[in-house]
Amino acid sequence: MAPRCSSACLLFLLLLGSSGFFQSYAVEVDVKDASNATCLYAKWMMKFLIKYETNSSDYRNTTLNLSSSLTHNGSVCGNDTQAALLAVQFGEGHSWSVNFTKTNETYQGDFITFTYNTNDTAVFPDAKRKGPITIIVKDTMRPVQLNNVFVCHNTDSFEAENVTQIFWNVTVQAFVQNGTIGKKESRCRADIPTSAPTVPPTIANVTTASTTTLSPAPTTAPKPVENPDTGNYSLKSGNKTCLLATVGLQLNVSQDKPLLININPKTTVADGTCGNTTAILRLNDGNSTLIGFTFVVKNASGSVQKFYLKEVNVTLLNRLNGSVISNADNNNFSKWDAFLGSSYMCRKEQTLEINENLQIHTFNLWIQPFLVKADKFATVILENVMGLCIQQKWGKH
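Residues numbered from 1 in each chain as written. Predicted model: local features only at pLDDT ≥ 70, side-chain atom pairs only at ≥ 80, totals over all residues. Heavy atoms only, no water.

(A) Spotlight on the overall build of the protein. Along the protein, the regular secondary structure elements total 0 helices and 28 strands. Buried positions account for 52% of the 397 residues belonging to the protein. Of the roughly 18,200 Å² that the protein leaves accessible, carbon and sulfur atoms contribute 50%. (Helix = DSSP H or I, 4+ residues; strand = E, 2+ residues; numbered from the N terminus. Buried < 20%, exposed > 50% of the residue type's maximum accessible area, 1.4 Å probe, protein only. Areas by Shrake-Rupley, 256 points an atom, 1.4 Å probe, with all protein chains shown as cover.)

(B) Highlighting the environment of Glu 185. Of note, Glu 185 is situated in strand β13 (residues 185-187). Residue Glu 185 is classed as partly exposed on the basis of its relative accessible area of 43%. Separated by 12 residues in sequence, Glu 185 and Gln 173 have C-alpha atoms that sit 9.7 Å apart. With residues up to four places along the chain from it excluded, the contact list for Glu 185 reads Val 149 and Val 151. A distance of 2.9 Å separates polar atoms of two side chains, one belonging to Glu 185 and the other to Arg 187. (Contact = heavy atoms within 4.5 Å. Polar contact = N/O pair within 3.5 Å; in protein donor to acceptor, adjacent residues only side chain to side chain.)

(C) Quick look at the side chain of Ser 75. Its location among the elements puts Ser 75 in the loop between β4 (59-65) and β5 (84-90). We classify Ser 75 as buried; its relative accessible area is 9%. In this structure the side chain of Ser 75 is engaged in a polar contact, spanning 3.2 Å, whose partner is the backbone oxygen of His 72. Here Ala 87 takes part through its backbone nitrogen, which lies 3.1 Å from a polar atom of the side chain of Ser 75.

(D) Local environment of the nonpolar core. By size, the foremost hydrophobic cluster in this structure holds 47 residues, and its most contacted members are Trp 44, Leu 86, Trp 96, Phe 100, Tyr 107, Phe 114 and Phe 150. A per-element tally of this core places strand β3 (residues 38-53) first, with 8 residues. With residues up to four places along the chain from it excluded, the contact list for Phe 150 reads Tyr 107, Met 141, Val 144, Val 170, Thr 171, Val 172, Ser 186 and Cys 188. Judged by nonpolar contacts, the second largest core, of 37 residues, contains Cys 242, Leu 249, Phe 295 and Ala 328. (Core = buried A, V, L, I, M, F, W, Y, C linked by side-chain atoms within 4.5 Å.)

(E) Representation of the environment of Ser 35 within the structure. When you line up the elements, Ser 35 lands in the loop between β2 (23-32) and β3. For Ser 35 and Gly 179, which are 144 residues apart along the polypeptide, the C-alpha to C-alpha distance reads 9.3 Å. Of the polar contacts made by the side chain of Ser 35, one reaches the side chain of Asp 33; its length is 2.8 Å.

(F) Representation of unusual backbone geometry. Located in the positive-phi region is Asp 126, a residue other than glycine, with phi close to 65 degrees. Secondary-structure assignment places Asp 126 in the loop between β7 (106-117) and β8 (132-138). A relative accessible area of 32% places Asp 126 in the partly exposed class.

(G) Spatial organisation of the side chain of Gln 250. Within the secondary structure, Gln 250 sits in strand β16 (residues 240-254). Among the polar contacts made by the side chain of Gln 250, one reaches the side chain of Asn 262 at a distance of 2.9 Å.

(H) Expanded view of the packing of aromatic side chains. According to the stated counting rule, one finds 12 aromatic pairs in the structure shown. Aromatic pair Trp 44 and Trp 96: ring centres 5.6 Å apart, planes at 35 degrees, arrangement tilted. Of the two residues, Trp 44 sits in strand β3 while Trp 96 sits in strand β6 (residues 94-102), which places them 52 residues apart along the sequence. Owing to a relative accessible area of 3%, Trp 44 belongs among the buried residues under this scheme. (Phe/Tyr/Trp six-rings, centres within 6.5 Å; stacked < 30°, edge-to-face > 60°.)

(I) Looking closely at empty space enclosed by the protein. Within this model, the largest cavity holds a volume of roughly 90 Å³. As for the largest cavity, its lining consists of Leu 49, Ile 50, Lys 51, Asn 61, Thr 62, Asn 162, Val 163, Thr 164, Thr 277, Thr 278, Val 296 and Val 297. Where the lining of the largest cavity is concerned, the elements lending two or more residues are β3, β4, β12 (163-173) and β20 (289-298). With 3 residues, β3 is the single largest residue contributor to the lining of the largest cavity. (1 Å grid on protein atoms, 1.4 Å probe; cavity = no way out; pocket = protein on both sides within 12 Å on 5 of 7 lines; lining within 4 Å. Points joined across faces, edges and corners; volume = space filled by probe spheres on them.)

(J) View of the pattern of salt bridges. This structure, assessed with the given rule, holds 10 salt bridges. Among the salt bridges present, the one from Glu 53 reaches Lys 128, with a minimum N-O distance of 3.7 Å. Taken together, the positions of Glu 53 in strand β3 and Lys 128 in the loop between β7 and β8 put the pair 75 residues apart, joining distant regions of the chain. On the basis of relative accessible area, Glu 53 is assigned to the partly exposed category, the value being 27%. (Salt bridge = Lys/Arg side-chain N within 4 Å of Asp/Glu carboxyl O.)

(K) Here's a closer look at the pairing of strand β11 (residues 156-160). Here β11 lies mainly inside the structure; 4 of its 5 residues are buried. As defined by bridge partners, β11 adjoins β12 across 5 bridges and the pair is classed as antiparallel. Residue pairing in the sheet places Asp 156 in a bridge with Phe 167 of β12. In sequence, β11 turns back onto β12 through a hairpin of 2 residues, with Glu 161 there showing a positive phi of about 50 degrees. (Pairing = 2+ DSSP bridges.)

Here you go:
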């Protein structure tokens, strides 16, 4: 018998941290069986970065977010012979789903199906191709013990066919037994604290898919005596380094009074994804602070291509139980731009305004998110002490 859902099974929530200033939307789906017992539960955040062709034959990058007009038609409980299906529909003809399979002991995600509709002119103005476009990617979720809840606060992403799907703050349990959500959690790899290497760089293997407003600044806080230590981070795709980053990071949080938090590179591990037009660097500081940087290539089809920082996401976690205290995101950046194949450097302090209550201060920045060769940074754009960016024709480093 098909599952049914109570009136409260689908909530579109405004998550507010304990301090009341981080704001981000999450979707919660509670699928019920014929006896009104929960059989599939999920709560997560996601967004989509999409590159599309315009009528003038150039390419644009756009961001598709969930909307308040969200439904979950077609979600299925699943059983020993039928896969469970979590499906949502939102906006002007967009939909997303993931199916889950099970064994006698475990369950796991199988395939993710995403359909976006370029007839949605608010998201895809001047799109050359009209109508729904569907992509399917393999879910990389590891098997989870039955009766356990899968939890992943860190950002995860899939890149395929000009689309990057980004997920974070995920809680899901398929094949719920006796209508009761499990109390034991199975964490994703990125959420599990690990000892950072004593000698830089911090390296993480990543999998690349086979197809692949600004707000007023927070209240100025007095600077600590010392700036944050500089960390060295890198990502690998297979045996090759695909992203390099050197940076000192400091959070400026405005609550009842300003709070400065230095990110410790000795306890910070790097994770992320590398792609042809999108790269994501995720930093986990001792499983208490999660920072995600998204880089994209502009003018991807042109003869002169540049990369830049497009989005930064920050999640603060409770050190005791790993629960989310607050989350903030800004996907409207256009910073740290440099020619594709080169790198961007800025030794002096810079500020990224995430929202009116959160800033990130960067120190000794050196970043190359694409086309890394021989595990070394390439040509640099250097920002001088006067704050002006100039091209430096340096040799390889």
